[in-house]
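Observations on the three-dimensional arrangement
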Amino acid sequence: METSELTEARTGRPEEIEAVPVRRPGRWIAAAIVLVIAASLVRSVITNSSFQWHVVGQYLFDHRILSGVVKTLELTVLSMVIGILIGILMAVMRQSPNPIVSGASWLYIWFFRGTPLYVQLLFWGFFGALYKTIDLGIPFGPSFIHLNTNATITFFVAGLLGFGLNEGAYMAEIVRAGIISVDEGQTEAAASLGMGRLQIMRLIVLPQAMRVILPPTGNETISMLKNTSLAVAVGGSLFELLTQAQHIYDATYQTIPLLIVACLWYLAMTSVAYVGQYFLERRYGRGFSRAGTASMRERWFTFGSRQQ
Amino acid sequence: MTVMLQAEAVHKRFGRLEVLKGIDLSVDRGQVMCILGPSGSGKSTFLRCINHLEKINAGRLSVDGELIGYRESGGKLYELREDVVARKRAEIGMVFQHFNLFPHMTALENVTVAPIRVKGVPRGDARLRGQQLLERVGLADKLDTYPVALSGGQQQRVAIARALAMEPKLMLFDEPTSALDPELVGDVLDAMRQLARDGMTMIVVTHEMGFAREVADQVVFMDEGVVVESGPPAEVLGSPRHERTRSFLSKVL
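Every chain is numbered independently, its residues counted from 1 as its sequence is written. For naming, the first written chain is A and the first written ligand is 1, with later ones following in the order written. Per-residue local features of the predicted model are confined to residues with pLDDT of at least 70, and side-chain atom pairs are confined, for both listing and counting, to 80 or more; whole-chain, interface and lining totals are unaffected and use all residues. Values reported for side chains reflect all heavy atoms of the structure, with hydrogen atoms and water molecules removed beforehand.

1. Examining the overall build of chain A
When helices and strands are tallied, chain A shows 14 helices and two strands. The buried share among the 308 residues of chain A stands at 35%. Pairs at least 24 apart in sequence give 73% of the contacts found in chain A among residues at least 6 apart. Working definition of accessibility: Shrake-Rupley area with a 1.4 Å probe, residue cover restricted to the visible protein chains. About 19,600 Å² of surface is accessible on chain A, with carbon and sulfur atoms providing 66% of the total. Both charge centroids of chain A, one from 23 positive and one from 19 negative side chains, sit 4 Å from each other. Helix and strand assignments follow DSSP, with helices taken as H or I runs no shorter than four residues and strands as E runs no shorter than two, numbered in order from the N terminus. Partly exposed residues are those whose accessible area sits between 20% and 50% of the maximum for their type, while under 20% is buried and over 50% is exposed, using a 1.4 Å probe and protein chains only. When checking whether two residues touch, look at their non-hydrogen atoms; a contact exists if any pair is within 4.5 Å. This count recognises Lys and Arg as positive and Asp and Glu as negative, with His and chain-terminal groups excluded. Throughout, a charge is located at the NZ atom of Lys, the CZ atom of Arg, the CG atom of Asp or the CD atom of Glu.

Structure, rendered in structure tokens:
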């Protein structure tokens, strides 16, 4: 403080620096090349009549397509909820000091990650052939609830089980990565305040682990949105987006435009997932950076500026 | 005067490495004990044993007349259930070298989370008490600040307030100023001095000789898992009897 006052007294405040910025021609050339390639791609897509864009427009908001979008969303959201809940449970079980409990979690992850999703879906489709009835009650003892498998495990339930249980195994590893990313000192500090093991997990560790858990979970959600198109493997139609598009082109033979319709909707849904992820990451990033992360807009405005 | 901490022949091993080789110490209620010693002497481990973050392998360790981690009945030791251990830990405050504040909570939330969730204090009461505690350590204007935006000294004072919020009967400090810039040490030591004046029983592992001399009722010098010598600060720091103490003090003073 004192020194700067002295300097100021002697010389006055120096002028703000207004230097001529370095020219960056490479940056503009690269941008031009990319734009030319992009423009020619767009042009070919628009001018090629085989794409049949008028048919795309005709079916984009067709009620069958829209109901397929809704079904896909339902399937994705419910499967992810099941997957995340199983994932948290398995990750916490993996950390258990009880070897039977942690072993069970290991076995679950080993099985559901180690076999193809498509095969798992086929199995759920054949579940009724494996078990005619489902009995809930005391293991090896009397049962209280008898369910007819074919009536209970509808194609939709089979799809949920297939996607949800498979996702649980992947989410377990994602959650575990989050848990071990939290410094051990956090657990010790919480323990020294008298918190129990589950309280520490719920109040201290998991909220911090979220920062690490969220980006790969966004990945998983986007995969799930698209993987729901495998749902036919359960042996019957779930009427999700791709199946609906297929039903239409099976009748009209307008295959390409209907696949484009499906793609446009998949893109729209994943874009919404991006936005959700952005806000969740901001919520759980609180307290981890002094300035906060640069917003999308700030990043665009610094393109070509001298600060870069 | 009643005894707050009683350690008798405390042993602690990590695998085959013996870290504590028979520690006998006692601290009376309202007293301040400073533990000095080179790194690896077992002083931090001893502190961690006191609130059962580490289990001892032999000997007896009791706080306020109750064994740590065990119940003794008919000459046999029974391990305490996890929730009982947690409840007893809540009565012992601990301040860590690296603060270990919860980064996803504001200063005030750090201070109130345990009273609310562990003790069941109503939210409003906990917040009021938390504000008072943060004021007491000079952070009245930082209630809603996240730890990342606080200096090390401020973070450590939040950590002290967080421990005090549980109204502990004993406070443990594990090198509370070792990770701080020199100019920030003073504020933390002032907060601790204030606490000692208010009559808190404190066990402080530290390298701050000035603080030990001024505040401690008892200074303990540990080396290689044993207590080399202990006594009033004037004796241990002023005229140490053991060669090992003398050579350590000549290096740190």
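Following the structure, the description resumes.
2. Let's talk about the interface of chain A and chain B
Listed as interface residues are 23 residues of chain A and, on the opposing side, 26 residues of chain B. Accessible surface is computed with a 1.4 Å probe, and the buried area is the amount of it that two parts give up when combined, taken over both parts together. The junction of chain A with chain B conceals about 2,100 Å² of combined surface from both sides, 61% of it contributed by carbon and sulfur atoms. Considering only the surface of chain A that becomes buried against chain B, E188(A), S192(A) and L193(A) emerge as the three largest contributors, covering 29% of it. Between R48(B) and E188(A) there is a salt bridge whose closest N-O contact spans 2.7 Å. N or O atoms closer than or at 3.5 Å make up a polar contact, with two conditions inside protein: a donor-capable atom paired with an acceptor-capable one, and, for residues adjacent in sequence, both atoms drawn from side chains. If you look at where chain A meets chain B, you find six residue pairs in polar contact (both at pLDDT 80 or more). Of all the elements in the fold, those that place two or more residues in the side of chain A that touches chain B are helix 10 (184-192) and helix 11 (197-227) of chain A. In what follows, salt bridge is the name for a side-chain nitrogen of Lys or Arg lying within 4 Å of a carboxyl oxygen of Asp or Glu.

3. Observations regarding the environment of E8(B)
Residue and element names in this part refer to chain B. Inspection of the secondary structure puts E8 in strand 1 (residues 3-14). Assessed through its relative accessible area of 41%, E8 is described here as partly exposed. Here the alpha-carbon distance between E8 and A114, two residues 106 residues apart in the chain, equals 31 Å. In this structure, E8 is in contact with I23, D24, G59 and R60, ignoring residues within four places of it in sequence.

4. Re the side chain of Q120(A)
Residues and elements named next belong to chain A. Inspection of the secondary structure puts Q120 in helix 6 (residues 117-125). Of the residues examined, Q120 reaches a relative accessible area of 5% and is grouped as buried. Among all residues touching Q120, those that are not within four sequence positions of it are F111, F112, T115, G162 and N166.

5. What to know about the confidence of the model for chain A
Scored from 0 to 100, pLDDT records how confident the predictor is in each individual residue. Of the residues in chain A, 90% reach a pLDDT of 70 or more, and the chain-wide mean stands at 87. Low pLDDT, under 50, characterises residues 304-308 of chain A; the stretch is placed with eight contacts to residues that sit more than four places away or in other chains.

6. Topic: the layout of surface pockets
Using a 1 Å grid laid over the protein atoms alone, points where a 1.4 Å probe fits but cannot get out form a cavity; open sets with protein on both sides within 12 Å along at least 5 of 7 lines form a pocket; any residue with an atom within 4 Å of a point counts as lining. Grid points are joined across faces, edges and corners, and a volume is the space filled by probe spheres set on the points. Within this model, the largest pocket holds a volume of roughly 990 Å³. Together, 32 residues line the largest pocket, and T187(A), A191(A), R197(A), I200(A) and E82(B) are the ones closest to its centre. Broken down by secondary-structure element, the contributors of at least two residues to the lining of the largest pocket are helix 4 (63-94), helix 9 (155-181), helix 10 and helix 11 of chain A together with helix 2 (82-89) of chain B. By the convention adopted, Pro, Cys, Tyr, Trp, Phe, Met, Ile, Leu, Val and Ala count as nonpolar, Lys, Arg, Asp and Glu as charged, and the other residues, Gly among them, as polar. Looking at the lining of the largest pocket, its residues break down into 16 nonpolar, six polar and ten charged.

7. Looking at the pattern of salt bridges
All names here are of chain B. Taken as a whole, this structure holds 25 salt bridges over all chains when the rule is applied. K169 serves as the salt-bridge partner of E91, at 3.2 Å between the closest nitrogen and oxygen. Residue E91 is found in the loop between helix 2 and strand 8 (92-95), and its partner K169 is found in the loop between helix 5 (152-164) and strand 9 (170-174); the two are separated by 78 residues along the sequence. The salt bridge involving E243 is made with R246; its shortest N-O contact spans 3.6 Å. Of this pair, E243 and R246 both sit in helix 9 (residues 243-252), three residues apart, roughly one helical turn. One network of salt bridges, with partners in common, ties together R29, D64, E91 and K169.

8. Some thoughts on the nonpolar core
By convention a nonpolar core is built from buried Ala, Val, Leu, Ile, Met, Phe, Trp, Tyr and Cys residues, the set being connected through side-chain atoms within 4.5 Å. Among the nonpolar cores identified, the biggest contains 78 residues, and F46(B), I50(B), L61(B) and I203(B) are the most heavily contacted of them. The greatest single-element share of this core, amounting to eleven residues, is contributed by helix 9 of chain A. In this structure, F46(B) is in contact with L5(B), A7(B), L20(B), I23(B), L25(B), I35(B) and L61(B), ignoring residues within four places of it in sequence. Formed by 47 residues, the second largest nonpolar core is a distinct cluster that contains F99(B), L134(B), M192(B) and F211(B).

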